[in-house]
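Structural characterization, general
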Amino acid sequence: MARLSYVQAACNALHAVMQQDARVVTLGEDVGRGGVFGQYRGLQQAFGAERVIDTPISEATIMGAAVGMALAGLRPVVELRVVDFALCAMDEVVNQAAKARYMFGGQGRVPLVARMPIGLWRGSAAQHSQSLEAWYAHVPGLVVVAPATPQDNHGLLGAAIASGDPVIYMEHKELWGLEDEVDPTRIERLGVAALRRPGSDLTLVTWSRTLHDALAAAETAQDEGLSIEVIDLRTIWPWDREAVFASVQKTGRLLVAHEAVQAGGFGAEIAAATAEALGVPVRRLGAPRIPVGYAPPLEDAARVTPQAIVAAARELVGAPARGA
Amino acid sequence: MSAIEMSLEHALALYRTMARIRAFENAAEEASKGGVAAFGASLAQAKVRGPLHLSTGQEAVAAGVCAQLRTDDLLTSTHRGHGHTIAKGASIERMMCELFGRATGYNGGKGGSMHIADFSIGMLGANGVVAAGIPIAVGAAHALRLRGGDALVACFFGDGAINRGPFLEGLNWAGIHRLPVLFVCEDNRWSATTETGAMTAGEGALARAQAIGVPGVAVNGNDVFAVDAAAAALSAQIRADGAPRFLHAVTYRIKGHVSVDAAAYRSHDEVARALEQDPLELAAIRIAALGGERAALAAIDAQAQAEIAAAVAAADAAPWPAQSAAYTDIQDTGAERWRD
Ligand SMILES: Cc1ncc(C[n+]2csc(CCOP(=O)(O)OP(=O)(O)O)c2C)c(N)n1
Ligand SMILES: [Mg+2]
């Protein structure tokens, strides 16, 4: 066990994997100086510029080249800075990485991890603050992962690299400095949610940074006599239906909260699937469908707060529970 | 225009623009202390938040190019766009208000430093996405051509942007459609923490433009008179024949990539050498040779300081946007549908 930040945990994990597996390479802008968030600190010194590859500002080719590397036997970890710039490589993700295995009849596979941090990040405005996990979750062929803790950023990054499929790996920019105990020997599996807090009145499913607001909300709600079970999805696709359904069968109600825009957000999918399967009352809570503004009052309008989560939980519990 | 032909009045005007940009950047930097999330730094309260890209040391490019622009010319900028905006004629007070995130800023606090814009003077916006301004400039040039007249679009981008696809696509497009665009590669040698040269094959920006058939010149981007003269010649050509031209202005990024970046990845020598080529200092020497007095420059500096100080005070006192403004200027169709 060691106390590590979210960013250092991922850095250590990548270091360990690169040490074990010579097929793993890293490419992207500024990786040679450790990446602008420090996620690659020391890697080029350790593994050389042939395996930790500095690239031009060429997102389409960074991603496209990674597909080529993967088809030819490497396991690239792709640095795309933030999801907002990863959009410059959308064809390479959606039409190439996600399709190659199927389209070519299974002759090739695309084992790569594309890192594209999401989320609000004080004062970063409309082009550096988005949470677009639902876009990628919509595309067959892609795995989508969104770690919320240092331990998960260690374990899930390793699992993502090992998975053999293209993984969209979405860290959260406001979590880099978050510290916690990390067990580097712990193996994580993709597609498995984590129960973060047991409760009995409703199930709150969330991921990424919103987990921390959800836990704060559950604490507040507890004082009001409302018992919330908090599930951290961790993998957005494939999401852990078993864990969510088992919890909802116990509590009889589902609330999904995420930082992304609510309309068309991935919470809608979970809510719909749960309502279909269990017939329980469901509710979504995401951001209003507005771009993220620069000024604090505007940015705050796009924030899903613990207070809003508590309010949504209260409203949901006001609704009659069925199927419990 | 040679140095000899340069009038003292024009020289002082160029210097004034640079002095105003320098003072603006210094004040913005000061106001951003402790408030930037970039490079993993933790967040605290500051007047200017978020990533702040300073153009300190690059003032001559903005001042020289924009001196040749008219109000009806359009301009697209980058994430490092304060200088372009000031030189195009924007109000420093409204710019500072935007950096402070206030309702009285150009974007009403919606954009901040990275998205500053003043459409009333043809400044179509800074941009957080590298090279994104290039195709936008090309499209804007189509609009100008349809409108008729000899206005042009000045399209600023960094040296790092020439390795993105839109650079090739935009230049080719402007070439085949003969569009009035002045492409300005503001080459400060760095792309965030990476030396651009190491990431750029071949002879670089100007050679690429020429290979596509967009003619142009390279200039010392710290020499405002050289930039001004080159921009004068190129813009005159564009206005005459409507076809694109290219200006490769070589300068240096004195500061880190963002205000909190100490830029420890580059050598002190390199920065020290660059500081010896300060565009304001170079201009001062040339102005002295033209018969200008140091006192005149000192007065310009003092005026700029006073103007910026007043802008900072105004911004500090300005109101925040109402939270309801978060829901305006998004779309008409389907407006008021925020959630479901
Ligand atoms: C498409 C895209 N990729 C990456 C980034 C992150 N980024 C912001 S500025 C920058 C460096 C740009 O270098 P250059 O074009 O030379 O402009 P400069 O910062 O030197 O003014 C990078 C990589 C971005 N904003 N957009
Ligand atoms: Mg540059």
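For clarity, every value in this text was computed on a predicted model and none was experimentally measured.

The next thing to look at is the overall build of chain A. What chain A contains, in helices and strands, is 13 helices and 14 strands. The globule rule puts the C-alpha radius of gyration for 324 residues at 20 Å, and the 19 Å found for chain A is close to it. The principal-axis extents of the C-alpha atoms in chain A amount to approximately 60 × 45 × 40 Å. Looking at chain A residue by residue over its 324 residues, the buried ones come to 60%.

What follows is about helix α9 (residues 210–223) of chain A. Residues and elements named next belong to chain A. For α9, which comprises 14 residues, the first-to-last C-alpha distance of 20 Å matches the rise-based estimate of 20 Å (1.5 Å per residue) to within 8%. The complete set of buried residues in α9 reads Thr210, Leu211, Asp213, Ala214, Ala217, Ala218 and Ala221. Down the axis of α9, the buried side of the element spans an arc of 155°, and every buried residue falls inside it. On its buried face, α9 is in contact with β9 (194–197), β10 (202–206), β11 (228–232), β13 (254–261) and α13 (306–318). Positive backbone phi, at 85°, marks Gly225, one or two positions downstream of α9.

Residues and elements named next belong to chain A. A sheet is described by the order of its strands in space; here seven strands give the open sequence β3-β2-β4-β5-β7-β6-β12, paired in mixed fashion. In the strand order of this sheet, the two ends are held by β3 (52–54) and β12 (235–237), each with one partner. For this sheet the average axis-to-axis angle between neighbouring strands, irrespective of direction, equals 20°. Across three bridges, strand β2 (residues 24–28) lies against β3 in parallel orientation. Note on β3: the bridge partner recorded for Leu27 is Ile53. Contacts between helix α3 (residues 59–71) and the sheet are confined to β2, β4 (75–79) and β5 (113–115), with β4 contributing the most and set at about 170° to the helix.

What follows deals with the interface of chain B and chain A. Listed by partner, the interface residues are 40 residues for chain B and 38 residues for chain A. Its residues placed into classes, the side of chain B that touches chain A shows 18 nonpolar, 17 polar and five charged.

Right, let's talk about the domain arrangement of chain A for a bit. Residue and element names in this part refer to chain A. We note that the domain assignment places domain 1 (2–182) and domain 2 (194–317) within chain A. The C-alpha centroid of domain 2 is placed 26 Å from the C-alpha centroid of domain 1. Listed by contribution, the elements that provide at least two residues to the side of domain 1 that touches domain 2 are α7 (133–137), β6 (143–145) and α8 (150–162).

All names here are of chain A. Across the five residues of β2, five count as buried, placing the element largely inside the fold. Here β2 shows two buried faces, one formed by Val24, Thr26 and Gly28 and the other by Val25 and Leu27. Across five bridges, the pairing between β2 and β4 is parallel. Of the residues in β4, the one forming a bridge with Thr26 is Val77.

Near ligand 1, the surroundings consist of 23 residues, among which Phe85 of chain A together with Val130, Gly158, Gly160 and Ser191 of chain B are the closest. Chain contributions to the surroundings of ligand 1 come from chains A and B. Tallied by class, residues from the shell around ligand 1 come to eight nonpolar, nine polar and six charged.

Turning next to the sheet that holds strand β2 (residues 153–158) of chain B. Residue and element names in this part refer to chain B. Across the sheet, five strands lie side by side as β1-β2-β3-β7-β6; this open sheet has parallel pairing. The two strands at the open ends of the sheet, each matched to only one other strand, are β1 (74–76) and β6 (216–220). Within the sheet, the average angular offset between the axes of one strand and its neighbour, ignoring direction, is 20°. Contacts from helix α7 (residues 205–212) reach β3 (181–187), β6 and β7 (245–250) within the one sheet, and its direction differs from that of β7 by about 170°.

Turning next to unusual backbone geometry. In the segment running from Trp237 of chain A into Pro238 of chain A, the intervening peptide bond is cis, with an omega of 0°. Here Pro238 of chain A lies in the loop between β12 and α10 (241–251). Although it is not a glycine, Ser208 of chain A sits at a positive phi angle of roughly 55°. Take Ser208 of chain A: it is sitting in the loop between β10 and α9. If you check the backbone angles, Ala263 of chain B has positive phi at about 55° while not being a glycine. Assignment of secondary structure puts Ala263 of chain B in the loop between β7 and α9 (268–275). Residue Ala263 of chain B is classed as partly exposed on the basis of its C-beta count, with 16 C-beta atoms lying within 10 Å.

For the rest of this paragraph, the subject is the environment of Ala205 of chain B. Residue and element names in this part refer to chain B. Of note, Ala205 is situated in helix α7. Note on Ala205: 28 C-beta atoms within 10 Å, which makes it buried. When the C-alpha positions of Ala205 and Asn163 are compared, they lie 9.2 Å apart, and in sequence the two are 42 residues distant. Those residues within four positions of Ala205 in sequence are excluded, and the remaining contacts are Asp159, Ile162, Cys185, Asp187 and His248.

In this section: the packing of helix α4 (residues 92–99) of chain B against helix α11 (residues 294–317) of chain B. The relative placement of two packed helices comes down to the angle between their axes together with the axis-to-axis distance. Residues and elements named next belong to chain B. Interaxial distance between α4 and α11 falls to 8 Å at its minimum, and their mutual angle equals 45°. In terms of orientation, α4 and α11 fall into the oblique class. Seen from above, α4 lies across α11 with right-handed handedness. Of α11, the residues touching α4 (which contributes Ile92, Glu93, Met96 and Cys97) are Glu307, Ile308, Ala311, Val312, Ala314 and Ala315.

Before going further, it helps to spend a moment on the pairing of β11 of chain A. Residues and elements named next belong to chain A. Burial runs high along β11: five of the five residues are buried. Side-chain alternation along β11 places Ile228, Val230 and Asp232 on one buried face and Glu229 and Ile231 on a second face that is also buried. In this structure, β9 lies alongside β11, joined through three bridges in antiparallel fashion. Opposite Leu195, over in β11, you have Ile231 as the bridge partner. Note that β10 and β11 share five bridges and pair parallel. Bridge pairing in β11 places Thr203 opposite Glu229.

So, how was this worked out
Residues numbered from 1 in each chain as written. Chains lettered and ligands numbered in written order. Predicted model: local features only at pLDDT ≥ 70, side-chain atom pairs only at ≥ 80, totals over all residues. Helix = DSSP H or I, 4+ residues; strand = E, 2+ residues; numbered from the N terminus. Rg over C-alpha atoms; globule rule 2.2 N^0.38 Å. Buried ≥ 20, exposed ≤ 12 C-beta atoms within 10 Å, placed from the backbone. Expected span 1.5 Å × (residues − 1). Arc of directions from axis to C-beta. Contact = placed C-beta atoms within 7 Å. Pairing = 2+ DSSP bridges. Axes fitted to C-alpha atoms, helices over the stretch in contact; angles between N-to-C directions. Nonpolar A, V, L, I, M, F, W, Y, C, P; charged D, E, K, R; others polar. Domains from an automatic or database assignment. Near = placed C-beta within 6 Å. Parallel < 35°, antiparallel > 145°, perpendicular 65-115°, else oblique. Left-handed = near helix turned anticlockwise from the far one by under 90°.

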